[in-house]
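Each chain, letter by letter, is given below.
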Amino acid sequence: MKKSVLVKFAALAVAGVLSQGAFAADGTINFTGEIVDAPCSVSPNSQNLTVPLGKVSRTVLDGAAGKKATPAKFNIELLNCPAASKGASVTFTGPANAAGQLRIDAGMAAGSFAEGVAIELRDSASKVFAANAESPVYVLAEGANALKFEAVYISTAPKVTVGRGDSTALFTVNYK
C-alpha cells in the first residue's frame, strides 16, 4: 500500500513538472501607444517607418555639390480625420546640416558612414523643406489622408565617399 501511494505521488510530481512546459513563455509583446488630443490618428503602419534609399553608386553623386539620386517615396497615413479638419503640416526632427538636410552620420561609428552626402526631404510635389522645420500645409479631407513625401540623397561636396547612408528623424504632425 505504501508503495502504491509513493507511485501515485511520483506520477503526480512528474505530471506537474511536465505540465510546466505547456505554460512556458516563448516571447514578449510590448503594447505601446498614447492617447492624444489631435483631430486625426496616425496609422500604426506609419508610426515606425523605414524608408529604403537603396544602394546608390558614388558616381551618381560625385563631382559637384547638389547632385541627387532617385527619390524614395513614403507616406504618413492619418486616419479618422473629422470633417472639421482643415490641414496639417509635418516636422521631421533630426540631426541636420546647415542647409537643413538630414546628416547621415547620426549615431554611426566614425569611418563607417558616407561623407559629402545628406538626405533631402520634400513633399510629393518635390517642394523641398528643411529638417527641424514645418513642411508646407496639406489640406485634410474627412476620413483617411495620406501625406506624401520623398527622401533623396543629395551631394553636399564635390567628393562623395562610400559608406552607410543612414539617418533617423522623428516626425510630428502639426494640425491647423
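Just above sits the structure.
As the structure is a computational prediction, the values presented were derived from the model and not from experiment. (Residues numbered from 1 in each chain as written. Predicted model: local features only at pLDDT ≥ 70, side-chain atom pairs only at ≥ 80, totals over all residues. Heavy atoms only, no water.)

1. Here's the deal with the overall build of the protein
Helix and strand content of the protein: three helices and nine strands. When the helices and strands of the protein are placed in sequence order, the string is α-β-α-α-β-β-β-β-β-β-β-β. A separation threshold of at least 6 residues defines the contact pool for the protein, and within that pool the share at least 24 residues apart is 81%. Taken as a whole, the protein presents about 11,300 Å² of accessible surface, with 58% of it coming from carbon and sulfur. (Helix = DSSP H or I, 4+ residues; strand = E, 2+ residues; numbered from the N terminus. Contact = heavy atoms within 4.5 Å. Areas by Shrake-Rupley, 256 points an atom, 1.4 Å probe, with all protein chains shown as cover.)

2. A closer look at the sheet that holds strand S3 (residues 87–93)
Strand order in the open sheet made by the three strands is S7-S3-S9, with antiparallel pairing throughout. Since the sheet does not close on itself, it has two edges, and those belong to strand S7 (138–139) and strand S9 (170–175), each with one partner. (Pairing = 2+ DSSP bridges.)

3. Some thoughts on the pairing of S3
Every other side chain in a regular strand lies on the same face of the sheet, so the side chains alternate between the two faces. Among the seven residues that make up S3, six are buried, leaving the element largely enclosed by the rest of the structure. Taken together, the two bridges between S3 and S7 define a ladder with antiparallel strand orientation. Bridging from a neighbouring strand, Gly87 pairs with Val139 of S7. Pairing between S3 and S9: six bridges, direction antiparallel. (Buried < 20%, exposed > 50% of the residue type's maximum accessible area, 1.4 Å probe, protein only.)

4. Quick notes on the nonpolar core
Counting residues in hydrophobic clusters, the biggest one holds 29 residues, and the most contacted among them are Leu78, Phe92, Leu147, Phe149 and Tyr153. When sequence neighbours within four positions are dropped, the list of residues in contact with Phe149 reads Ala72, Lys73, Phe74, Ile76, Val90, Phe92, Arg122, Asp123, Ser124, Phe129, Ser135 and Tyr138. (Core = buried A, V, L, I, M, F, W, Y, C linked by side-chain atoms within 4.5 Å.)

5. Remarks on the state of the cysteines
What the rule picks out here adds up to one disulfide. Here Cys40 is linked by a disulfide to Cys81, with a sulfur-sulfur distance of 2.1 Å. The S-S bond linking Cys40 to Cys81 shows a torsion near 130 degrees; that makes this disulfide right-handed. Here Cys40, found in the loop between helix H1 (2–20) and strand S1 (41–42), pairs with Cys81, found in strand S2 (residues 72–81); they are 41 residues apart in sequence, far enough to count as distant. (Disulfide = S-S within 2.5 Å.)

6. Points about unusual backbone geometry
At Asn80, a position not held by glycine, the phi torsion is positive, near 55 degrees. Tracing the backbone shows Asn80 in strand S2. A positive phi angle is found at Asn132, which is not glycine, with a value near 70 degrees. Its location among the elements puts Asn132 in the loop between strand S6 (128–129) and S7.

7. A closer look at the pattern of salt bridges
With the rule as written, the count across this model stands at seven salt bridges. The residue Glu120 makes a salt bridge to Lys68 at a minimum N-O spacing of 2.9 Å. Residue Glu120 is located in strand S5 (residues 117–123), and its partner Lys68 is located in the loop between helix H3 (58–61) and S2; the two are separated by 52 residues in the primary sequence. Classification of Glu120 as buried rests on a relative accessible area of 6%. The exposure class of Lys68 is partly exposed, given its relative accessible area of 38%. As a salt-bridge pair, Glu150 and Arg122 come within 2.8 Å of each other at their nearest N and O atoms. Of this pair, Glu150 sits in strand S8 (residues 143–155) while Arg122 sits in strand S5, placing them 28 residues apart in sequence. Residue Glu150 shares its accessibility class with Arg122, and that shared class is buried. Here the salt bridges share partners, and the residues they tie into one network are Lys68, Lys73, Glu120, Arg122 and Glu150. (Salt bridge = Lys/Arg side-chain N within 4 Å of Asp/Glu carboxyl O.)

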